[in-house]
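An overview of the molecular structure
Residues per chain are reported as follows:
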Amino acid sequence: MAALSRRALLGALAFAGLGAPSRATSPERIVALDWPSAQNLLALGVDPMALPERALYAELVVEPALSPATLDLGLRSEPNLELVLQLAPDLVLMGDELMSLRERVEAAVPVAMFFADGFDGTDPVVKGDVALQGLAQRLGRVDAYRVFRQGFDRELDKARKRLRSYDGRPVFIATVIDGRRLLLFGRNSLFQSVLDRFGIVNAWTGFTSAYGHTTVTADRLAQQKDARLLCVGDSSTLALAKLLASPVVASLPFIRSGRVARVPDVLFYGGLPSAGRFARLASMALAAEG
């Protein structure tokens, strides 16, 4: 992905929801009201003062790692705005799922909206890159963005080399919900956007929502008998064992042949930080299985 020109970046800032670059002093004390905002701040070398559900972030998002000094704002759906206002940050970063809180927060402290996902139909990796560039411009951290992008590109290059001998089978990408259902990630997901860069085809050809996923029962996997199953998430270990033991799933050819790979949790809408983590983990798992 080539760097954007200045003219393209100015347009990208509006596209990413961040507005025009600020001429004022770059904000240093920043609160993130959602996980993607926190991830992308950390990618630029900025430790958020606070974010919601920090313990769960460490478990499910993992990268980039939070500073021990980062405070917890409570639930993602209902962050502690009183604490946010007490902290008096230079900036609050938030996604559109908390849009209803914007007016209240903005009455006291500056707010910037951050959208790293591809839920508008844009390639999720490209959208994440645009969003991160916009954030870097807003914070005066363009050099940090360049360093991160170089690392991201190296990560993809390493993944591509690992997958040179991949057997070409299409892949079901799923998080197991329970012993019967899976959350399948389709062609418009961040995960598949990463696999597209390695020429790996998504095995799911059915409906997916604008968020890039759909919930299905395990029997729907029978439509691609030569596929491979890539399970995302340590949190579904017990559910996966139950799923694989069910007669319907155990009878599937790719299950009988052991074509099941697993990776730890990765946030499926976090932009480039999530994409880089998924590229590394998925390429290692699929290369080992391939």
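Note: the structure precedes this text.
Residues numbered from 1 in each chain as written. Predicted model: local features only at pLDDT ≥ 70, side-chain atom pairs only at ≥ 80, totals over all residues. Heavy atoms only, no water.

For the structure shown, the criterion picks out 16 salt bridges. Residue Glu-63 pairs with Arg-280 through a salt bridge whose shortest N-O separation is 2.4 Å. Within this pair, whereas Glu-63 is found in the loop between helix H3 (54-61) and strand S3 (71-72), its partner Arg-280 is found in helix H12 (residues 272-289), the two being separated by 217 residues in sequence. The salt bridge partner of Arg-149 is Asp-129, with a shortest N-O separation of 3.2 Å. Of the two residues, Arg-149 sits in helix H7 (residues 142-162) while Asp-129 sits in helix H6 (residues 124-139), which places them 20 residues apart along the sequence. A relative accessible area of 6% means that Arg-149 is categorised as buried. Classification of Asp-129 as buried rests on a relative accessible area of 5%. (Salt bridge = Lys/Arg side-chain N within 4 Å of Asp/Glu carboxyl O. Helix = DSSP H or I, 4+ residues; strand = E, 2+ residues; numbered from the N terminus. Buried < 20%, exposed > 50% of the residue type's maximum accessible area, 1.4 Å probe, protein only.)

Further remarks concern the packing of aromatic side chains. Counted by the stated rule, this structure contains 7 aromatic pairs. Summarising the aromatic geometry, the rings of Phe-172 and Phe-254 are spaced 5.9 Å apart at their centres and angled 40° between planes, so their arrangement reads as tilted. With Phe-172 in strand S6 (residues 171-176) and Phe-254 in helix H11 (residues 253-256), this pair connects stretches of sequence that are 82 residues apart. Seen in terms of ring centroids, Phe-191 and Phe-278 are 4.3 Å apart; in terms of plane orientation they differ by 20°. Their pairing is stacked. Remark: Phe-278 occurs in helix H12 and Phe-191 occurs in helix H8 (residues 190-196); sequence separation between them is 87 residues. No difference in accessibility class separates Phe-191 from Phe-278, as the two residues are buried. Taken together, the ring pairs in this structure connect Phe-185, Phe-191, Phe-268, Tyr-269 and Phe-278 into an aromatic cluster. (Phe/Tyr/Trp six-rings, centres within 6.5 Å; stacked < 30°, edge-to-face > 60°.)

Turning our attention to unusual backbone geometry. With an omega dihedral of -15°, the bond running from Glu-63 to Pro-64 counts as a cis peptide bond. Structurally, Pro-64 can be placed in the loop between H3 and S3. Despite not being glycine, Glu-53 shows a phi value in the positive range, around 50°. Relative to the helices and strands, Glu-53 resides in the loop between strand S2 (50-51) and H3.

A word on H7. The first and last C-alpha atoms of H7 sit 30 Å apart over 21 residues, in line with the 30 Å expected at 1.5 Å per residue. Within the sequence span of H7, burial applies to Tyr-145, Phe-148, Arg-149, Phe-152, Glu-155, Leu-156 and Ala-159. An end-on view of H7 places all buried positions within 120° of arc, on one side of the element. For H7, the exposed residues set more than 90 degrees away from the buried face come down to Asp-143, Val-147 and Lys-161. The inward-facing, buried residues of H7 contact helix H2 (35-43), H6 and H12. (Expected span 1.5 Å × (residues − 1). Arc of directions from axis to C-beta. Contact = heavy atoms within 4.5 Å.)

This brings us to the nonpolar core. Ile-173, Phe-198, Leu-230, Phe-278 and Leu-286 are the most contacted members of the largest nonpolar core, which has 55 residues in total. Here this core takes 8 residues from H12, the largest share from any one element. Setting aside its immediate chain neighbours within four residues, Leu-286 contacts Leu-163, Tyr-166, Val-171, Leu-195, Ile-200, Arg-228, Leu-230 and Ala-261. Core analysis: the second largest hydrophobic core is formed by 21 residues, Leu-182, Trp-204, Leu-221 and Val-249 among them. (Core = buried A, V, L, I, M, F, W, Y, C linked by side-chain atoms within 4.5 Å.)

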